[in-house]
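An overview of the molecular structure
Here is how the chains run, residue by residue.
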Amino acid sequence: MTVEGLEGNGRQNLGDMPPEEFHAVASEVIEWVARYLDQVEDYPVLAQVRPGDIRSRLPLSAPERGESFDRILSDFQKVILPGITHWNHPSFHGYFAVTGSGPGILGEILTAALNVNAMVWRSSPAGTELEQHTLDWIRDLLGLPDAFQGVINDTASHSSLYALAAAREWAFPEAREVGLGGGPRGRIYASTEAHSSIEKAALTLGLGRQGVKKIEADEAYRMRPDALRAAILEDLADGIRPVAVVATVGTTSSSSVDPVDSIADLAKEFGLWLHVDAAYAGSSAIVPELRPHFRGWERSDSVVFNPHKWLFTPVDCSVLYCSRPDVLRGAFSLTPEYLRTQEEGSVRNLMDHGVALGRRFRALKLWFVLRYFGASGIRDRIREHVRLARYFAAHVEANPNWVRTAPVPFSTVTFRYLGEDLTGEEEDALNEELLERVNATGEAFLSHTRLGGRITLRLSIGNLRTREEHLDRTWQILERAAREVDERALVQ
Ligand SMILES: *Cc1c(COP(=O)(O)O)cnc(C)c1O
């Protein structure tokens, strides 16, 4: 390989990596990626490192002279890989499990090579138009009406922030100019199970955390419409302006489904913006038998779902659909002179739909994924994940020492171990220890939450490599860990 930074005759190379060298290393890197995807199970799922371990293996300062790519790649393997928690591992079941699929990874590579920044149409015509076109395809597959226009953001947190900014723009149009300081008080409603990003959006938008009222959920962790109505009436009586309600389809803790249709009735009655947070479960609306969970979302003002969660697209890719895109643009469009273009007015400029000016060309990988798997291939894969979740839930249900803690509408199972004659706190501690033990094996990775105040384990399925035998193995590990922890508890 050529010497770093120098060309053959000793002249300094002030350009990029030479083409021959790029060619050689690129093949090596692709070879590595292909092998990694094939043999990802050889790695521990959860990185077996302690905080600071990775930094302690890195030099204190940046290299003064360029280094060979061989050395860089070798350090990638020696220093970086041990600190990787393998989200692409079939036994990764924490948070929401995902897949960086083959076509998606290849899309990312080409996106990096093109390196376009889709701020305004002319800075990336294909980036802008492919985004719109791909999102129209998906909108139709999801069964959302044509009025919904999509835009890709990095995360659901930003998508929801922008949706709620549109809601604020609509409720308090003057806020765009004068801010909310000292102005009217507004309220956003979301269930106690809603994602923390909703509160973050409220505090970013100047509504404050108190600008979010948490609505009680029922025994299956779904927002109670009667409680929502009561909260709205109470605020109206207190002179607080109801601004928006966030319904979640597939909550983060239990994957519960708020009754969107009833919530849409209330949104209409009281003139609230309805935002549907379907960051995880949204892609499953492609599957006809799962569509009923989404009933009513076609009446919403905005919907967020993350293709990087359950649509096999590498992180990051979140889609915000808005049925009133003019309001969304109203909240954000602001064009300085240096971004004015002749075609303004006749084209879409993606910078008008959020805070970010620059945007990665994320639609390319999404387009690759849709085309490579096809709608039916995606449906079958999501169906299979739902089937696998029920398969795992059946293990839990068949064993009296364990209990499933919420229904399983999608591909996430919540459950906990029941000790004998233990207090709630003791049982919580036991489940926490059990989780640590399972994750320490490196064979499977699960996460936890609290449901009804009690520690609950979560197993989420979203990886295209996950099979029944992986779940059987994870169940064995859980059972073994439970026996160990329980016996020790008995001895004490
Ligand atoms: C994952 C998730 C989020 C946050 O997603 P990010 O893209 O990480 O911001 C928000 N809401 C729900 C329901 C989620 O599942």
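Higher on the page you've got the structure.
Residues numbered from 1 in each chain as written. Predicted model: local features only at pLDDT ≥ 70, side-chain atom pairs only at ≥ 80, totals over all residues. Heavy atoms only, no water.

At the junction of V315 and D316, the peptide bond is cis and its omega measures out at 5° in the coordinates. Here N115, not a glycine, exhibits a phi torsion of approximately 55°, which is positive. Residue position: N115 is located in the loop between helix 4 (102-114) and helix 5 (125-142). Looking at N115, the relative accessible area reads 64%, which means it is exposed. Positive phi, close to 55°, is recorded for D421, a residue that is not glycine. Among the structural elements, D421 can be located in the loop between strand 9 (412-417) and helix 14 (424-440). Its relative accessible area of 77% is what places D421 among the exposed residues. (Helix = DSSP H or I, 4+ residues; strand = E, 2+ residues; numbered from the N terminus. Buried < 20%, exposed > 50% of the residue type's maximum accessible area, 1.4 Å probe, protein only.)

A few words now on the pattern of salt bridges. Scanning the entire structure with this criterion turns up 40 salt bridges. For R473, the salt bridge is made with E443, and the minimal N-O distance between the two is 2.8 Å. Of this pair, R473 sits in helix 15 (residues 468-491) while E443 sits in the loop between helix 14 and strand 10 (447-451), placing them 30 residues apart in sequence. Among the residues examined, R473 registers a relative accessible area of 31% and is labelled partly exposed. Residue class for E443 comes out partly exposed when judged on its relative accessible area of 32%. Put simply, R416, E425, E427, D428, R450 and R454 are held in one network by salt bridges that share partners. (Salt bridge = Lys/Arg side-chain N within 4 Å of Asp/Glu carboxyl O.)

The next thing to look at is the layout of surface pockets. Taken as a whole, the largest pocket encloses approximately 1000 Å³ of empty space. V29, W32, V33, I105 and I109 are the residues nearest the centre of the largest pocket, which is lined by 35 residues in total. Looking at the lining of the largest pocket, the elements with two or more residues in it are helix 1 (19-39), helix 3 (69-80) and helix 4. Of the residues assigned to the lining of the largest pocket, the class counts are 24 nonpolar, seven polar and four charged. (1 Å grid on protein atoms, 1.4 Å probe; cavity = no way out; pocket = protein on both sides within 12 Å on 5 of 7 lines; lining within 4 Å. Points joined across faces, edges and corners; volume = space filled by probe spheres on them. Nonpolar A, V, L, I, M, F, W, Y, C, P; charged D, E, K, R; others polar.)

On to the side chain of H308. Within the secondary structure, H308 sits in helix 11 (residues 307-310). From its side chain, H308 meets the backbone nitrogen of C317 in a polar contact 2.8 Å long. (Polar contact = N/O pair within 3.5 Å; in protein donor to acceptor, adjacent residues only side chain to side chain.)

Below, the discussion takes up the site of the ligand. Around the ligand there are 15 residues in total, and A156, S157, D277, N306 and K309 lie nearest to it. Between A156 and the ligand, the recorded distance is 2.7 Å, taken from a backbone N or O atom to an oxygen atom. One nitrogen or oxygen atom from the side chain of N306 is found 2.9 Å from an oxygen atom belonging to the ligand. In isolation the ligand exposes 380 Å². Once the protein is present, 87% of that is buried. At a threshold of 2 Å from the grid points, most atoms of the ligand map onto the second largest pocket. Sorting the residues of the shell around the ligand by element identifies helix 6 (156-171) and helix 11 as the ones contributing at least two each. Of the residues in the shell around the ligand, the class split is four nonpolar, nine polar and two charged. (Near = heavy atom within 4 Å. Areas by Shrake-Rupley, 256 points an atom, 1.4 Å probe, with all protein chains shown as cover. Sits in = over half its atoms within 2 Å of the grid points.)

Right, let's get into the sheet that holds strand 2 (residues 186-191). The mixed open sheet is built from seven strands, whose spatial order is 1-7-6-5-4-2-3. Of all strands in the sheet, those with a lone pairing partner are strand 1 (149-153) and strand 3 (212-215), marking the two edges. Between one strand axis and the next, the sheet turns by 20° as a mean value, whatever way the strands run. Here five bridges tie strand 4 (residues 241-248) to strand 5 (residues 273-277), and the two strands are oriented parallel to one another. In the strand pairing of strand 5, A247 is matched with V276. Running at roughly 160° to strand 5, helix 10 (residues 260-270) makes contact with strand 4 and strand 5 of the sheet. (Pairing = 2+ DSSP bridges. Axes fitted to C-alpha atoms, helices over the stretch in contact; angles between N-to-C directions. Contact = heavy atoms within 4.5 Å.)

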